[in-house]
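For reference, the chains in residue letters:
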Amino acid sequence: MTITFEQLIALSPLLIVGLLVVIVMLSIAWRRLHLLNATLTIAGFIIALVTCFLIGDKLPLEVTPLIYVDKYSLFYSALILLTGIGTAIYAYGWLTGYPDNKEEFYLLLAIAGAGGILLSMANHLASLFIGIELISLPLFGLVGYAFTQKRSLEASIKYMLLSAAASAFLLFGMALLYAESGSLLFAKLGLSLNEHIIHYPVIMVGVGMMLVGIGFKLSFVPFQLWTPDVYQGAPAPVATFLATASKIAIFAVLMRLLMTSPIAESQALLLVLSIIAIASILFGNLMAISQRSIKRLLGYSSIAHMGYLLLPLIALQTDSVAAQITVAIYFMGYLLASLGAFGVVSILSSPYCGDDKDDINVYRGLYWRQPVLAIILTIMMLSLAGIPITLGFIGKFYLIITAINAELWWLTAVVIIGSAMGLYYYLRFMACIYSREPLANDQPHKQVSVNLATLFALLCAVITILLGIWPQPLFEIALAALAA
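All of these numbers come straight from a predicted model, not from anything done at the bench. (Residues numbered from 1 in each chain as written. Predicted model: local features only at pLDDT ≥ 70, side-chain atom pairs only at ≥ 80, totals over all residues. Heavy atoms only, no water.)

Here we take up the packing of aromatic side chains. Tallied over the entire structure, the rule returns 20 aromatic pairs. Ring centres of tyrosine 159 and phenylalanine 216 lie 6.2 Å apart, and the angle between their planes is 25°; this geometry places the pair in the stacked category. On the criterion of sequence distance, the pair formed by tyrosine 159 in helix α7 (residues 150-181) and phenylalanine 216 in helix α9 (residues 200-218) is long-range, its members being 57 residues apart. Classification of phenylalanine 216 as buried rests on a relative accessible area of 6%. Here a set of aromatic residues connected by ring pairs shows up, and it is made of Phe140, Tyr159, Phe216 and Trp226. (Phe/Tyr/Trp six-rings, centres within 6.5 Å; stacked < 30°, edge-to-face > 60°. Helix = DSSP H or I, 4+ residues; strand = E, 2+ residues; numbered from the N terminus. Buried < 20%, exposed > 50% of the residue type's maximum accessible area, 1.4 Å probe, protein only.)

Take a look at the structure:
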């Protein structure tokens, strides 16, 4: 098999990030300079992001049987790269003063970014599995990076053990599907399964086991128990990447897999996905109500948001175009809101001052001490709650319209109920930010100057408002990014 120049160009985002891994590794071996390695990482991600916008006219293109590059994969690659840029920017300030080695953080981040891009381009079960492992394995180290803190180390061990079990389920499910179909390619897998439908029970067991593995990565109920503990224990910049890039990449490849497989039309599978969606929405919102840690609150709310995103996945066979547009717009709003919210936690936190500043008491009266950070948090909470003039409202609006058009009445009702519950705990946290009650004596606050991390979080907030008022550019991008 020969690789043409056009195929290399199509692969450029993945190749650039892969080259970035090598460059950062050599840079660390040459000299440990925190600023240099952080700059290299951010610059590499930015260059890869720019190439995503330059190569669209040469697509779609199948590079190998494992990788298919189209505007759909470039859109989700761009979201992953944007998350990588934000994570690296937040990590620089968070790691300043860290007593141990700092540079390996950026190496692990670059490897995880490459895994996310590979997932968005995956067209084969082998590349799906490689991508999932490539994005998961570096996260074990990133989650436990502040290993001197008990909570961070515990979160890393918990995530590693449960992720290994999920990978075993995923592999076993793939083996069963391969045994029945004789192919690992998404398109051929779908055709073969359609011909071998007489072995329906075996096929459904295989799909079910794959769903367990993917459900763990996406924090679907009942595979979500790790989520709040790992979010709270992980360094705030890592929680940013974990909440956004890993879920966006895996959801993108799951949607592509379901679009090419007749199993997606199975009423049994749609029923299971509906039950998971309802359970995730209700459980995530109910548990978030009682949280006093912003990282746990965002962890539980992410469970609910993943439940919301199952609705367009269920409606995929009814209207594929509307479902894909809804997922793209919703993920963009969720990404910007998470980048801003976790970014504020990162800015206020530092690894040599104990656990991250995520207790609600730290944010009591934040507006009167750090008005810019308070406003950023306010916009992000409003967007996550789906309040008008934010991008979160546009995503929630498209979500409900898609569900109504697909006549998913029960799921639509659950989304409305879940959104009302979410409104309560998001507004409660916002009220705390603007409270005039004094800060607790045992919660010293960190004075924050305007820096690159603050500017990046502020940019996310501004884009959230602008796209909430005028969403047409994002709608056109999402329409162009439809899978073939």
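On we go.
This part is about the side chain of asparagine 37. Mapped onto the elements, asparagine 37 comes out in helix α3 (residues 34-54). Overall, the relative accessible area of 0% leaves asparagine 37 in the buried class. Here the side chain of asparagine 37 touches serine 27 through a polar contact of 3.0 Å, side chain to side chain. Beyond its immediate stretch of four places on either side in the chain, asparagine 37 contacts Val24, Ser27, Ile28, Arg31, Glu103 and Tyr106. (Polar contact = N/O pair within 3.5 Å; in protein donor to acceptor, adjacent residues only side chain to side chain. Contact = heavy atoms within 4.5 Å.)

So, about the environment of phenylalanine 53. Relative to the assigned elements, phenylalanine 53 resides in helix α3. On the basis of relative accessible area, phenylalanine 53 is assigned to the exposed category, the value being 62%. When the C-alpha positions of phenylalanine 53 and leucine 74 are compared, they lie 8.0 Å apart, and in sequence the two are 21 residues distant.

Soluble globular proteins tend to bury their nonpolar side chains together. Residues Tyr76, Phe331, Tyr363 and Leu377 are the most contacted members of the largest nonpolar core, which totals 175 residues. When residues of this core are assigned to their parent elements, the largest contribution, 19 residues, is made by helix α15 (residues 320-348). When residues no more than four places from it in sequence are discounted, the contact partners of tyrosine 76 are Ser120, Ile248, Ala252, Met255, Gln324, Val327, Ala328 and Phe331. (Core = buried A, V, L, I, M, F, W, Y, C linked by side-chain atoms within 4.5 Å.)

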